[in-house]
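For reference, the chains in residue letters:
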Amino acid sequence: RQLIAVWDISQSYVGGPSPSVLRHRTDYHVNCIRFSPFEEDHLVTCGKNSIRTYRLKKGQLRGCSVNLGDLKLSKMVTHAPPGTQDFQLNDFTTLAFEIGYGITELDSKHVYVATVTGAVVQVNYGKRCLECVYQLHDGAINALCINEGFAVTASDDRFLRVWPVDFSDFFLEAEHEAAVTSASVSSDGLQIVAATATGSLGTLDIPSHAYRTLLRSHNAAVYGVAADPQNDEAATVSEDGTIRVWDITTGEQLYEFDAPGESARCAAYRPRAADARGGPGGQRALACGFTNGLSRVFDVGATALLAEHRQHKGAVVAVAFTPDGGRMITAGSEGNLCVYDANQGYLPIKYLATALPTNRVGLAVSSDGALLATIGPNAASVLLFDMDSLQLRPPALRPPGGAIKIAFAPDSNSLLVAGDTTTVARYDVTCRAGDDGTPTAVVPNTHTGECSALAVDPSQRLIVTGGKDGMLKAWPLGGLRDPALPPALDDEVPVQSFVGHASPVLEVVFASKGRRLVSVGAGDAVFVWGVDDVATRALADAVLHDHVTFSEGEENILTLDNDNDDDDDQDGGAFPDDNHVRHTDADGADSDGSGSNEGDESKYSNSGGRKNRTTAFAPSHTLANTPAKGGGGGSKSPSKSVLKSPGKYATSTAAKKPLVMKSPKKSRPRLVQRNLQTSTAEGNCKHDRFRADATKNVPLHAWAAPVPAGLGSLLAPMLPPFDDDEAAVASAMCTEVSAIRSVSVEPTQLRPVRVLGLSSGTAAAAEEETENAAAVAAAAAAPPAAFVPELGAVVFAAGIDVVVERVGGDRQQALLRRHVFSITALAHHSETKRIASASAAAGGAPGECVVYVWDATTGACLRELRHTDCCSVVTVAFSPEGALLLSVGADPSGAVRVWDVASGVAVAAAAAAAPVASAAWCVHASIPEFATAGADGVTLWRVTGGAAAEMRPGRPATAGVSYSKVPFDTLGAAAMDGYDPDPGSPVCTACAVAASGALFVGDSHGRLWRAALTGRPAHYANDPALPLSLCCQALPRGEAITAVAAVAGGRVFIGSARRARVWVNDARGAGWEEVGELELDGAVVTAAFTDDALTGVIGAPKPSGIVTTSAGSAWLVEVTTGTARALVQSHPLNVTYVAVARVGRRDALATVSQDGTARVWDAASSAKVIEVHADPRATTRAHAVAVSPDGSHICLGCNDGSVGVVSVSSGGGGVSGSPGVQGPVKHVPAHPGGGPVMCLAFLPPPLLAPRGWGLTPLLSVASDGSIALTATHANEHDGADFPTEIVAAVAVTTAPHHSDPVAAAAVEGETNPALVAIARAGVLHVYAVDSVEHKAALRATYAPNASRFAALSPAGVAPAKPALVAWSASQPGVVVYCSQATAGKIVIFNVASSAVTRVLDTVLGAGLGEARCLSVVYRPGGGDVIAVGGGDGVEFVELPDASSAEEQGQGYLMHSSSFGGIPLEDGRQLSTSQPISSHGGGGLRRGMMSLPGGVDSMAWAEDGKSAWVASGNCVYVVTNPATHLR
């Protein structure tokens, strides 16, 4: 039986407890468990012959199994005993949920479950049944990941594969050296990280197909480590059969030696003599001992085997070299030693039998090469041998309890032995007379359990021990206790303890001449620690009693080393004295907050010294989120750590003083751990980025992969800094009123972080009468979309913004904002990584258009160019090498400009005889050439330069360029079947140049022409351009070509108002053939195809391109498959209404556009879920929209007073399924008066409701003032299917105001009765609507005194709409009202007291034009944030709560009794006898976001963190405006 435990971790992020919610034991096997994204409190598990769903309810888990039917997926177990057969039947390994947006039923959701047979099973989540099985791998699938665009599988067959979501065929795979055990996809969908069974971790970059290994690690216990005495290099040996060599300064793996079926147990570097230049000479030899008795010596640099011997019957467990490198000694588990002559090919020269077979085998060689020490028989003694003669030297050392580890001190005069009694003893080995082999000093109570590792600092100051408790401890070599002293002084021996290993430490070794320490253990981790020189000296100087005292405020000696510098001090430690200036507090603790932490002895070792010395020490720190394992026995240590590093685990610093820099030359600080509470997540972002190489130089640890250059800064939110010292300017607005105070504060400039929109040229087509003319006009005004391969993103234009959006994932965007008017042209050059954008001129009249050149990787604006004499730029294009930029204007007088990108100087300018529709650069030309296509045919231009000197008033219009007309071969075309001749030259509408150099031109009659531009002479003299020959009638006659794009393989993409086709020139000479036709959602306005830039970005095969349509969509068109996928979807026309609803755990954005079409989007991904088109034959158009809380219905408020109810189909809303509706839109005559519905809102379901009203009722308000309640759901007890017929509306008609119609309405529906505010230009009515009794009652009325308000602000600007209204988000029953009668001022009206409490004056009149919309959101901490949309943007005003506003009087117009009296909430009236005083100064916090298209509607997300602002055909997202105001 297995146990399923559920924990509540909601408080753990803020340091709270994580209690267990339940423990459930199950008889069903569980291999994987996941929370369901489709239903709250639901789990899905899979295991052996089991797929189950669980529901968490009332502290219990209720399970339901998926019906597996006749499924029999079996696999024989390879490790079954001989003669038996063990089959794994339906063994499920992992699972993943499909990614779907929108509001759909559970029966349309799927779960995918992987098996050990390499198959993936598709399970219907709602029906709990199997639907199909996909066989994807030959081995068990260990990982399964699914995102919006693809699925990833990782298998035991060593393959990592990327599939489409239907698993039809993989389009990307990576074969590894071993089984792929796990995989994960980045949030943007551009990278996959995979881990293998051999301990490697790598990333697969989908756009480039590049694979990079992040780390290679051991995957089993690491038995030993050796440090190169001449280099910053260490070698480790592991149970996994590998020997790995690491650069310990960078953490990179340099080499790997693999011994299949064998396991190395020990290693040692051979010391090398200095060469003539003083550096280490000779081979870098590494000796290793193996469990099968073999001893091998490798040449590390050449990765070659130098020698191999088998001199031991048991495993070789220790190996060492003499300091001169002349001899090598190995020790076997049978207890014998073998000595080799390293200068004679490592030949064995001596064999010593020292002990009986035992697991206590060890050897050590003194640093002077005179002595050899080994553990004697039964580990009861330590034997010393003369290294030259190999004769035994007395006396034998007999440590109490036996010996475990031995090590010589650097001076060769003493030997340290770790014994069974958890002590380390120091013995004198100078063979003085009378020496009886007793220790001269001891280290008591080293570890809980055995001391399993021992090393001595080369500077002879420290002993570092490692134990089976997983701890490292540092002791002063000269401050150990004399055995003659009382054992009571054991607690006074100074020590520092360090936690890093989660398993027993097996070996430690000093490296880098003592500046680093490397430790390994029973786990698969290798730890590299830095040694702090100052703290080491402080600990080394500490002895017992009062002989030497500790320095006050010292820090830890060891920290996990993250220093990549190679210029460490050679004379001393890593930190010279002059680099450590400390500020000691009065109590002696460091100013960084380190000090004693008594009372936590169970986790940390106490600090050292005598008991009355409380400030000199601090507890040692855990260097990872690994619990310390006891030990220490209350010993003490200085507060500065001897070791420092995040080697294996990353740690964060929280020091109060700045980190100490190593050198003024370096900008990288050394991380010194000072905080007792460490955080792995925070520490990872502080590490230096290691370089990674595909074959070598792999980081030792799993550092995060760096963001591509420039991408982080480009895609970061672009918000300017905010000024907290904004000055308030007070001015009197009317001499009649003395008690008026107006505070105006310079508003903060805000920027949107995301946009839902795409410039499609639809506005330019509105004035055209025919379909063809409209499509051509839209194509000329629409900027194309293109991929940015260096970022894995797509670039397009939305209004005035250049949008760089990552493909897939969270759709992260960067907005390049400098244009003031709508962008009409866009281009990208992949080699130079440049983007060019151009906009229209002011007012659409001929003037000056601005062209910007951007750095695609950073978003920086590089050039600002001015294209004069045109109303808009129809095309911008980079030359093939990217040095020149062509901009083509819509007006013939300023048609052509060519710019030098580097200098920003115009090198060519020319006028055209007729408007130009399209242009393209020629390739393979010796001199820069480009072609233009327009009403007068095709013109070929050659750039000669020198335009800057000639472009002056009075000079010719053409400068720096020569041109010639390209004729049409009409005679040859007339011979073709079906040719329809035109009088004169054809009207050309689009052109493109293929990679081969061929020019393709489309005309207004649907014909495709071709001219060969290569192979012509270098001069134009007497050289007419080659004629354009007719390729084919690409479209039906009379259907104009709007877009032409050359596609790889001799194909051409053709777009028009109704269709898109691909043609190819048959290689067999059969002429041009149509490959296929594709129908999109609108007229094709732009098309851009590349040969290879798209390959791998999102799995698009060659060739692919981006096609934009007049419907506001950008499609990824795959020519080979004839399919199209939506990359960007938006509104083709202006958005007039925006609403945000919370559906489950996601936000749904509902919009209505100018043509009455309603759409619902997933707010997080901007994916379109539902689109409801208005019936073109009817007069009914959507005016408002609302989404039900359960997501099952979308309700439309129509312009004829009806309410349209749409039941969401089961297939809609998913990414794979097309959005749609279930059945027709059902219209309910909610408002018989026929006025348009102004407002829709779903009310909370009443506790007691009439029959048929059991679910959420819909409240609607029409322009005639009527209020209606509509039941959009029928009661399930009626026996009808859910949902069913619409229940008739109950209308509540208010008093008519025919001369003053309703301009706006707002609903506060959190309580019953709900409050409805109906705003007119001259009056505000508030009604209470009872959704149970279906009644409405007038609750309050407010009629502003228009003349008084006008007198207050004679220069004020009235709102564009007669009235605006919204409810306060922080104060129930408070209305925010603005109308023409209030002269544009915002009135705060309290319904309960029927009184105006405040009046707010915005700066819209001066900054953003007339007010068009109003919205309010709650600000955390109290008060509201009011957003007012105007003709030129939106303004955010922070409104404090009532008490603070009344006390401080900040930013309000407090009106006097000359108004007729404005009562306050407490019944007082404002007096005119004394002016209102200001307490605190300052002013309202304001923020403004400029949008030249104006703001027509806006809405807030439920959490108040995001505002959705509709401007033109775009919807912008502003995040946390309240925070930015501060």
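Since the structure is predicted, the reported quantities are computational estimates derived from the model, not experimental observations.

1. As for unusual backbone geometry
Next up, step 1: Positive phi values are uncommon outside glycine, yet K58 reaches one of about 55°.
Next up, step 2: Considering the arrangement of structural elements, one finds K58 in the loop between strand 5 (50–57) and strand 6 (60–65).
Next up, step 3: Its identity as a non-glycine residue notwithstanding, H209 has a phi of 60°, on the positive side.
Next up, step 4: Turning to its location among the elements, H209 is positioned in the loop between strand 19 (200–205) and strand 20 (210–216).

2. What about the pattern of salt bridges?
Next up, step 1: Tallied over the entire structure, the rule returns 35 salt bridges.
Next up, step 2: The shortest N-O distance in the salt bridge between E1077 and R1061 comes to 2.8 Å. In this pair, E1077 is assigned in strand 78 (residues 1071–1078) and R1061 in strand 77 (residues 1060–1066), connecting sequence segments 16 residues apart.
Next up, step 3: Measuring nitrogen to oxygen at the nearest pair gives 3.0 Å for the salt bridge that ties R1412 to D1496.

3. Some thoughts on the sheet that holds strand 4 (residues 42–47)
Next up, step 1: Spatially, four strands are ordered 3-4-5-6 in an open sheet, and the strand pairing comes out antiparallel. Single-partner strands in this sheet number two, and they are strand 3 (32–35) and strand 6. Each strand of the sheet is rotated relative to its neighbour by a mean of 25°, with strand direction disregarded.
Next up, step 2: Here strand 3 pairs with strand 4 via four bridges, running antiparallel. Directly across from C32, in strand 4, lies its bridge partner C46.

4. Focus on the pairing of strand 65 (residues 896–900)
Consecutive residues of a regular strand have side chains that alternate between opposite faces of the sheet.
Next up, step 1: Of all five residues in strand 65, four are buried; the element is thus mostly enclosed.
Next up, step 2: Of the pairings in the sheet, the one linking strand 64 (residues 884–889) to strand 65 comprises five bridges and is antiparallel in character. Bridged to S887 within strand 65 is R897.
Next up, step 3: Here strand 64 hands over to strand 65 after six residues, the two strands then running antiparallel side by side.
Next up, step 4: Bridge count between strand 65 and strand 66 (residues 905–910): five bridges; the pairing is antiparallel. Looking at the pairing, V898 lines up with A908 of strand 66.

5. Details of the environment of A912
Next up, step 1: Note on placement: A912 falls in the loop between strand 66 and strand 67 (916–921).
Next up, step 2: Relative accessible area serves as the criterion here: at 18%, A912 is assigned to the buried category.
Next up, step 3: Sequence-wise, A912 and A895 are 17 residues apart; in three dimensions their C-alpha atoms are separated by 5.7 Å.
Next up, step 4: The contacts of A912, once residues within four sequence positions are left out, are P892 and A895.

The rules we used
Residues numbered from 1 in each chain as written. Predicted model: local features only at pLDDT ≥ 70, side-chain atom pairs only at ≥ 80, totals over all residues. Heavy atoms only, no water. Helix = DSSP H or I, 4+ residues; strand = E, 2+ residues; numbered from the N terminus. Salt bridge = Lys/Arg side-chain N within 4 Å of Asp/Glu carboxyl O. Pairing = 2+ DSSP bridges. Axes fitted to C-alpha atoms, helices over the stretch in contact; angles between N-to-C directions. Buried < 20%, exposed > 50% of the residue type's maximum accessible area, 1.4 Å probe, protein only. Contact = heavy atoms within 4.5 Å.

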